[in-house]
Amino acid sequence: LACVHRLTDIQHRMQHARDLLQAADAWSYVEADVHAHIQERDYARAAQRIADVRDSLAQFAHSEHVSAQTAVLARLSDTLLREVQPVLAAAITSGDVDAMELCAAVYARLQQDDALAELYLPARAERVHRVWADTDATLPAKMAQLGDALWQAAAETARHVLPGYLAGLALGAGLAKI
C-alpha cells in the first residue's frame, strides 16, 4: 500500500511538472497568438490568451524569466487596449450594447476596470454635454433640453439592460420555486 501511495505521489508530481513545462512552452507563442487575434479582431481571445499566460506566471515566481514575461504581457495588454479603445468609443456613441459588453469583457479579463470607467463615463456624458453646448436658448430651455437628453440616455440604457435584468429575475424566481 505504501508503494502504491508513493507511485501515486510520483505520478501527481510528474503531471504537475508536465503542466508547468506546457505553460512555459506556451509563453514562446503568446506574442504571435495575441497579435494574430488582434489582427482578426478577436479581442476576447487575445485577452484570454494574455490572462492565461499571466495566470501561469504565478507558478514560476522564483524564476528570473518572470520579469521579462511580465513586461511582454504588459506590452501586449497595452497593444490590445489601444486596439479595443476606439471600438469601445464607437460602441458607446452608437449605443451598441453588445459591442460594449465585448469590450468591457476584454477590460475585465485584463484587470483594467478603472481604465474602462475612465473611457466609458465621459463617452456616455458626451451627448449630454453636446446638447448643453449646442443650445443657444435661455437657461430654462437649456435645462429642458438637458433633461430630455438625460431621459433619452437613461431610456436607451434601460432598453438594453432591463430585458437581461428581467430575464435574470424570472430565472431567479423560477429557481426559487424549485
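Residues numbered from 1 in each chain as written. Predicted model: local features only at pLDDT ≥ 70, side-chain atom pairs only at ≥ 80, totals over all residues. Heavy atoms only, no water.

A. Looking closely at the overall build of the chain. Each helix and strand counted, the chain has 6 helices and 0 strands in total. Listed by position from the N terminus, the elements making up the chain come as α-α-α-α-α-α. Put simply, 57% of the contacts in the chain that link residues at least 6 apart link residues at least 24 apart. (Helix = DSSP H or I, 4+ residues; strand = E, 2+ residues; numbered from the N terminus. Contact = heavy atoms within 4.5 Å.)

B. Spatial organisation of unusual backbone geometry. The phi dihedral of Arg41 is positive, around 60°, even though this residue is not glycine. Among the structural elements, Arg41 can be located in the loop between α1 (2–39) and α2 (43–57).

C. Fine view of the side chain of Arg49. Take Arg49: it is sitting in helix α2. On the basis of relative accessible area, Arg49 is assigned to the buried category, the value being 16%. Filtering out sequence-adjacent residues up to four positions away, Arg49 remains in contact with Ala26, Tyr29, Val30, Asp33 and Val34. (Buried < 20%, exposed > 50% of the residue type's maximum accessible area, 1.4 Å probe, protein only.)

D. Layout of the nonpolar core. Formed by 32 residues in total, the largest nonpolar core has its most connected members in Val34, Ile50, Leu80, Val84, Leu88, Val106 and Leu110. Elements represented by at least two residues in this core include exactly α1, α2, α3 (66–94), α4 (97–109) and α5 (113–134). The element that contributes the greatest number of residues to this core is α3, accounting for 10 residues. (Core = buried A, V, L, I, M, F, W, Y, C linked by side-chain atoms within 4.5 Å.)

E. Representation of α2 in the model. When the terminal C-alpha atoms of α2 are compared, their 21 Å separation across 15 residues agrees well with the 21 Å that a helix rising 1.5 Å per residue should span. Buried within α2 are the following residues: Tyr43, Ala46, Ala47, Arg49, Ile50, Ala51, Val53, Ser56 and Leu57. (Expected span 1.5 Å × (residues − 1).)

F. Quick look at the side chain of Gln69. Checked against the element boundaries, Gln69 lands in helix α3. According to the relative accessible area criterion, Gln69 is buried, its value standing at 15%. Excluding its chain neighbours within four sequence positions, the residues that come into contact with Gln69 are Trp27, Val53 and Leu57.

G. Molecular detail of the confidence of the model for the chain. Scored by pLDDT, the chain has a mean of 77; 76% of the residues are at 70 or more. Per-element confidence in the chain is highest for α2, whose mean pLDDT is 88, and lowest for helix α6 (residues 139–177), whose mean pLDDT is 59. The low-confidence segment residues 165–178, where pLDDT is below 50, has 0 contacts with residues more than four positions distant or belonging to other chains. (pLDDT = per-residue confidence, 0-100.)

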